[in-house]
Amino acid sequence: QQQVKQSPQSLIVQKGGIPIINCAYENTAFDYFPWYQQFPGKGPALLIAIRPDVSEKKEGRFTISFNKSAKQFSLHIMDSQPGDSATYFCAASIRAAGNKLTFGGGTRVLVKP
Amino acid sequence: DTGVSQDPRHKITKRGQNVTFRCDPISEHNRLYWYRQTLGQGPEFLTYFQNEAQLEKSRLLSDRFSAERPKGSFSTLEIQRTEQGDSAMYLCASSPMAGSYGYTFGSGTRLTVV
């Protein structure tokens, strides 16, 4: 199973709120889990990534939580700003198998001022 | 070298025509990937190169699609006899082979087949 399921499809929060995006995977061979941010007309940009031997990782206002037993991981955006309004994608790969990314379906986040 | 460059940014073509896209990766990156993204969806893997060798092709890559990476530098993706279903954003990405596993994506080529 190569699928990565992402939810919700869209999210609206007020400035300062904490959007939370969830992803679930089936393939236990996945060993790299990045999150990408994409603005309209642009390619995805790597935000933050985690390996399955770590349960949480923070970079600036972005935090990944990882639950290996549940095969789920999530992105939290702390103190969200209008500039964070974008589409966010989770992904997963097997590093030794070419590191080909399997993406979730994306979440459109709108942060209202 | 500021990132991954893709050319053209937009391409409109008539059904049945051939199109070719170019990708210039970050110079020290050994790996180069092609993905396709349709509206409202996540990118889907098409193929990847390690240096000049094409190591894997997705089932999404029909016989009408071909990719090359001569001399392990830039890459081209050609679509022959385009169909309306080929309309999508074609994304190129590069990464180092070892160490960091993060990709750097280009801004993509938006293909519209009319």
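Since we're looking at a predicted model, the values are computed, not measured. (Residues numbered from 1 in each chain as written. Chains lettered and ligands numbered in written order. Predicted model: local features only at pLDDT ≥ 70, side-chain atom pairs only at ≥ 80, totals over all residues. Heavy atoms only, no water.)

What is the right way to look at the interface of chain A and chain B in this model?
A common way to state how big an interface is: give the accessible area lost once the parts meet. Of the residues lining the interface, 17 residues belong to chain A; the matching set on chain B comes to 19 residues. The interface formed by chain A and chain B includes one salt bridge. Here chain A and chain B share eight residue pairs in polar contact (both at pLDDT 80 or more) between them. Per-class residue counts for the side of chain A that touches chain B are seven nonpolar, seven polar and three charged. (Contact = heavy atoms within 4.5 Å. Salt bridge = Lys/Arg side-chain N within 4 Å of Asp/Glu carboxyl O. Polar contact = N/O pair within 3.5 Å; in protein donor to acceptor, adjacent residues only side chain to side chain. Nonpolar A, V, L, I, M, F, W, Y, C, P; charged D, E, K, R; others polar.)

What should I look at first to understand the state of the cysteines in this one?
Applying the stated criterion across every chain, the model contains two disulfides over all chains. Residue Cys23 of chain A pairs covalently with Cys90 of chain A via a disulfide, S to S 1.9 Å. With the S-S dihedral at roughly -95°, the linkage between Cys23 of chain A and Cys90 of chain A falls on the left-handed side. Of this pair, Cys23 of chain A sits in strand 3 (residues 20–25) while Cys90 of chain A sits in strand 9 (residues 86–92), and the two are 67 residues apart along the sequence. In terms of burial, Cys23 of chain A and Cys90 of chain A fall into one category: buried. Linked covalently through their sulfurs, Cys23 of chain B and Cys92 of chain B form a disulfide whose S-S length is 1.9 Å. Because the torsion about its S-S bond is -70°, the bridge between Cys23 of chain B and Cys92 of chain B counts as left-handed. Residue Cys23 of chain B is located in strand 3 (residues 19–24), and its partner Cys92 of chain B is located in strand 9 (residues 88–95); the two are separated by 69 residues in the primary sequence. (Disulfide = S-S within 2.5 Å. Helix = DSSP H or I, 4+ residues; strand = E, 2+ residues; numbered from the N terminus. Buried < 20%, exposed > 50% of the residue type's maximum accessible area, 1.4 Å probe, protein only.)

Can you walk me through the packing of aromatic side chains in this structure?
Summed over the entire model, instances satisfying the criterion amount to 24 aromatic pairs over all chains. Look at Tyr103 of chain B and Phe105 of chain B: their rings are 5.7 Å apart centre to centre, the planes differ by 50°, and that puts the pair in the tilted class. Residue Phe105 of chain B is classed as buried on the basis of its relative accessible area of 9%. Through a chain of ring-to-ring contacts, three or more aromatic side chains come together here, namely Tyr36, Phe89 and Phe103 of chain A together with Tyr33, Tyr35, Phe45, Tyr48, Tyr103 and Phe105 of chain B. Seen from the ring of Phe74 of chain B, Arg22 of chain B lies directly overhead, with NZ or CZ sitting 3.9 Å from the centre. (Phe/Tyr/Trp six-rings, centres within 6.5 Å; stacked < 30°, edge-to-face > 60°. Lys NZ or Arg CZ within 6 Å of the ring centre and 35° of its normal.)

Would you explain the sheet that holds strand 1 (residues 5–7) of chain B in this entry?
Remark on secondary structure: sheet strands pair via backbone hydrogen bonds, oriented parallel or antiparallel. Residue and element names in this part refer to chain B. Spatially, four strands are ordered 1-3-8-7 in an open sheet, and the strand pairing comes out antiparallel. At either end of the open sheet lies a strand with only one pairing partner, and these are strand 1 and strand 7 (65–68). Within this sheet the neighbouring strands show an average axis-to-axis angle of 15°, counted without direction. Note: strand 7 against strand 8 (residues 75–79), four bridges, orientation antiparallel. Following the sheet pairing, Glu68 is matched in strand 8 by Thr76. (Pairing = 2+ DSSP bridges. Axes fitted to C-alpha atoms, helices over the stretch in contact; angles between N-to-C directions.)

Just distances and angles here, no functional claims.
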